[in-house]
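Close look at the chain arrangement
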Amino acid sequence: SQKIEQNSEALNIQEGKTATLTCNYTNYSPAYLQWYRQDPGRGPVFLLLIRENEKEKRKERLKVTFDTTLKQSLFHITASQPADSATYLCALRNSGNTPLVFGKGTRLSVIA
Amino acid sequence: GAVVSQHPSWVICKSGTSVKIECRSLDFQATTMFWYRQFPKQSLMLMATSNEGSKATYEQGVEKDKFLINHASLTLSTLTVTSAHPEDSSFYICSARDRTASGSYEQYFGPGTRLTVT
């Protein structure tokens, strides 16, 4: 069956360092991979989308890579700040009007 | 940007009663809306997909008679939890899809509704 694994449930890093979060998937060939931020008691907020034919995307301090051979995406936050503390969700979907399927998320804590 | 609202943001109800949750796309037309459920420290689990004007498609294990979904217009979908039980207590999140000009099918999420059944 299809599986999405975000292999760290929680990650603590020092302010100013780069946070790297991992998303691995099996039995899936997604057309799109997306990263969301979720704060406690709130809905997910869209951050970045990367397509299957793209290797890397950047947006301000965020960078996402997509390796369809390894079936893995890495999500980086550079110069991390305490305000970046949240749960980050990896989500995949096929092409067309198909729903997003989510991983469990990684809870990031940036310590001042 | 595209905004999705949900109402109410939280609700407490007694076991056996029904609760209706509304999801609206505020500044775009949503041909497709999705309902997710999230238990503490768990992932968002897709419950059902609804297209405007047609019956919802439910995921395996989700009881369609218990979770009634109505998508009567391009900006409104409702989820009614019928005969609620304590195990239905969860965080319910709706999502709406805006088919952009590029056809990328962007999916936007509401703020969620916390349901507590006592």
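Just above sits the structure.
First, a word on what this report is: a plain description of the structure on this page. Please read these numbers as outputs of a predicted model, since none were measured by experiment. (Residues numbered from 1 in each chain as written. Chains lettered and ligands numbered in written order. Predicted model: local features only at pLDDT ≥ 70, side-chain atom pairs only at ≥ 80, totals over all residues. Heavy atoms only, no water.)

1. Focus: the overall build of chain B
Looking only at helices and strands, chain B has zero helices and 11 strands in total. Ordered by position from N to C terminus, the α and β elements of chain B give β-β-β-β-β-β-β-β-β-β-β. Scaling as 2.2 N^0.38, a compact globule of 118 residues should have a C-alpha radius of gyration of about 13 Å, and chain B matches this with 14 Å. Based on the C-alpha atoms only, the size of chain B along its principal axes is roughly 45 × 25 × 25 Å. Buried residues in chain B amount to 51% of all 118 residues. The contacts in chain B between residues at least 6 apart in sequence include a share of 54% that link residues at least 24 apart. Of the side-chain charges in chain B, 11 are positive and 10 negative, and the distance between the mean point of each set is 4 Å. (Helix = DSSP H or I, 4+ residues; strand = E, 2+ residues; numbered from the N terminus. Rg over C-alpha atoms; globule rule 2.2 N^0.38 Å. Buried < 20%, exposed > 50% of the residue type's maximum accessible area, 1.4 Å probe, protein only. Contact = heavy atoms within 4.5 Å. Lys, Arg positive; Asp, Glu negative; His and termini not counted. Charge placed at Lys NZ, Arg CZ, Asp CG, Glu CD.)

2. With respect to the interface of chain A and chain B
The parts lose accessible area when they come together, and the size of an interface is often stated as this lost area. Contacts between the two partners involve 20 residues from chain A and, on the opposite side, 20 residues from chain B. Where chain A abuts chain B, roughly 1,600 Å² becomes buried across the two surfaces, and 50% of that area is made up of carbon and sulfur atoms. Area buried by chain A at its contact with chain B is led by Asn97, Phe102 and Lys104 of chain A, which between them contribute 29% of it. Taken together, chain A and chain B are joined by zero salt bridges. There are eight residue pairs in polar contact (both at pLDDT 80 or more) connecting chain A and chain B. Secondary structure elements with two or more residues in the side of chain A that touches chain B: strand 4 (32-38), strand 5 (45-51) and strand 9 (86-93) of chain A. When grouped by side-chain class, the residues that make up the side of chain A that touches chain B number eight nonpolar, eight polar and four charged. (Buried area = accessible area lost by both parts, 1.4 Å probe. Salt bridge = Lys/Arg side-chain N within 4 Å of Asp/Glu carboxyl O. Polar contact = N/O pair within 3.5 Å; in protein donor to acceptor, adjacent residues only side chain to side chain. Nonpolar A, V, L, I, M, F, W, Y, C, P; charged D, E, K, R; others polar.)

3. Some points on the layout of surface pockets
Considering only enclosed or pocket space, the largest pocket measures out at about 720 Å³ in volume. Taken together, 25 residues form the lining of the largest pocket, with Lys104 and Gly105 of chain A together with Gln38, Lys41 and Gln42 of chain B sitting closest to its centre. Every element with two or more residues in the lining of the largest pocket is listed here: strand 1 (3-5), strand 10 (101-102) and strand 11 (106-111) of chain A. A per-element tally of the lining of the largest pocket places strand 1 of chain A first, with three residues. Tallied by class, the residues present in the lining of the largest pocket amount to eight nonpolar, nine polar and eight charged. (1 Å grid on protein atoms, 1.4 Å probe; cavity = no way out; pocket = protein on both sides within 12 Å on 5 of 7 lines; lining within 4 Å. Points joined across faces, edges and corners; volume = space filled by probe spheres on them.)

4. Considerations on the sheet that holds strand 1 of chain A
Strand pairs in the sheet, formed through backbone hydrogen bonds, run parallel or antiparallel to each other. Residue and element names in this part refer to chain A. One open sheet holds the five strands; their spatial order is 1-3-8-7-6, and the pairing between them is antiparallel. The sheet terminates laterally at strand 1 and strand 6 (56-59), the two strands that pair on one side only. Adjacent strand axes in the sheet meet at a mean angle of 15 degrees, parallel and antiparallel pairs treated alike. In terms of strand pairing, strand 6 meets strand 7 (residues 62-67) through four bridges, oriented antiparallel. Residue pairing across strands places arginine 58 opposite lysine 63, the latter belonging to strand 7. (Pairing = 2+ DSSP bridges. Axes fitted to C-alpha atoms, helices over the stretch in contact; angles between N-to-C directions.)

5. So, the sheet that holds strand 1 (residues 4-7) of chain B
Residues and elements named next belong to chain B. Taken together, four strands build an open sheet; the order of strands is 1-3-8-7 and the sheet is antiparallel. In this open sheet, the two strands that pair with only one neighbour each are strand 1 and strand 7 (67-73). Put simply, the sheet's adjacent strands are angled 15 degrees from each other on average, direction ignored. In this sheet, strand 3 (residues 19-25) lies alongside strand 1 in antiparallel orientation, the contact comprising four bridges. Across the sheet, residue glutamine 6 finds its bridge partner in strand 3, namely cysteine 23.

Keep in mind these values describe shape, not function.
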